[in-house]
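# Analysis of the macromolecular model
Given next are the chains, with one letter for each unit.
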Amino acid sequence: MKVLLKSGDTDKIVFFATVTRQKDVYIMAANYLQSLDWKKKPDIMKNIINFYTKGRAMDSLAGFYDACAQVEIDEFQDYPKAYGALKESLSTLEKVKAKNPI
């Protein structure tokens, strides 16, 4: 996976992560995809969400929703969409808290 990440071939990275079904690979792929221009490509955004979910990286997923909300505010001034992204972030964090009560 590390070699694929260095190559930058997004299609192969997505394919490999989907085929291997390993938690760490899902998270590495999602982190890589987040470094791309996911704001303009909805398929990349969907893959990030799917990979964080499959990799059970709910904190990272909540952080991604936070980043989505920030982009909606900063670049598009679309407050209703930002609010929706923040609600998703909160929902994700509540699921984590429900599974791991302090």
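Residues numbered from 1 in each chain as written. Predicted model: local features only at pLDDT ≥ 70, side-chain atom pairs only at ≥ 80, totals over all residues. Heavy atoms only, no water.

### Observations regarding the side chain of Ser-89
Secondary-structure assignment places Ser-89 in helix H6 (residues 79-99). Residue Ser-89 is classed as buried on the basis of its relative accessible area, which comes to 5%. Within the local environment of Ser-89, its side chain forms a polar contact with the backbone oxygen of Ala-62, the two atoms lying 3.1 Å apart. With near-sequence residues (within four places) excluded, Ser-89 lies in contact with Ala-62, Tyr-65 and Asp-66. (Helix = DSSP H or I, 4+ residues; strand = E, 2+ residues; numbered from the N terminus. Buried < 20%, exposed > 50% of the residue type's maximum accessible area, 1.4 Å probe, protein only. Polar contact = N/O pair within 3.5 Å; in protein donor to acceptor, adjacent residues only side chain to side chain. Contact = heavy atoms within 4.5 Å.)

### Considering the packing of helix H3 (residues 23-34) against helix H4 (residues 42-54)
It is the contact of H3 with H4, at a shortest axis distance of 8 Å, that shows an interaxial angle of 150°. For the element pair H3 / H4, the angle class is roughly antiparallel. For the element pair H3 and H4, the recorded crossing hand is left-handed. Of the residues in H4, those touching H3 at Tyr-26, Ile-27, Ala-29, Ala-30, Asn-31, Leu-33 and Gln-34 are Ile-44, Asn-47, Ile-48, Phe-51, Tyr-52 and Lys-54. In terms of residue class, the contact of H3 with H4 is made up of nine nonpolar, three polar and one charged. (Axes fitted to C-alpha atoms, helices over the stretch in contact; angles between N-to-C directions. Parallel < 35°, antiparallel > 145°, perpendicular 65-115°, else oblique. Left-handed = near helix turned anticlockwise from the far one by under 90°. Nonpolar A, V, L, I, M, F, W, Y, C, P; charged D, E, K, R; others polar.)

### Topic: the nonpolar core
Among the nonpolar cores identified, the biggest contains 25 residues, and Leu-33, Trp-38, Ile-48, Phe-51 and Tyr-52 are the most heavily contacted of them. Residue contacts for Ile-48: discarding those within four places in its chain leaves Ala-30, Leu-33, Gln-34, Trp-38 and Phe-64. (Core = buried A, V, L, I, M, F, W, Y, C linked by side-chain atoms within 4.5 Å.)

### Focus on the packing of aromatic side chains
By the definition in use, this model includes three aromatic pairs. Each ring, one from Phe-64 and one from Tyr-65, has its centre 6.5 Å from the other, and the planes form 45°; the classification is tilted. Since its relative accessible area comes to 0%, Phe-64 is described here as buried. According to the relative accessible area criterion, Tyr-65 is buried, its value standing at 11%. One aromatic cluster is present, built from ring pairs that chain together Trp-38, Phe-64 and Tyr-65. Positioned over the ring face of Trp-38 is Lys-39, at 5.2 Å from the centre of the ring. (Phe/Tyr/Trp six-rings, centres within 6.5 Å; stacked < 30°, edge-to-face > 60°. Lys NZ or Arg CZ within 6 Å of the ring centre and 35° of its normal.)

### Thoughts on a positive patch on the surface
There is a patch of like positive charges on the surface, built from Lys-23, Arg-56, Lys-95 and Lys-99. With respect to the helices and strands, the residue Lys-23 is situated in helix H3. Residue classification places Lys-23 among the partly exposed residues on the basis of a relative accessible area of 46%. (Patch = residues over 30% accessible without salt bridge, like charges linked within 9 Å, V, L, I, M, F, W, Y side chains within 5 Å. Areas by Shrake-Rupley, 256 points an atom, 1.4 Å probe, with all protein chains shown as cover. Salt bridge = Lys/Arg side-chain N within 4 Å of Asp/Glu carboxyl O. Lys, Arg positive; Asp, Glu negative; His and termini not counted. Charge placed at Lys NZ, Arg CZ, Asp CG, Glu CD.)

### Details of helix H2 (residues 10-20)
Inspection of H2 places Ile-13, Val-14 and Ala-17 among the buried residues, and these make up the whole buried set. The arc that holds every buried residue of H2, seen down its axis, measures 95°, which confines them to one face. Away from the buried face of H2 by more than 90 degrees, exposed residues Asp-11, Lys-12 and Phe-15 are located. Elements in contact with the buried residues of H2: helix H1 (2-7), H3 and H4. Positive backbone phi, approximately 55°, marks Arg-21, located one or two places after H2. (Arc of directions from axis to C-beta.)

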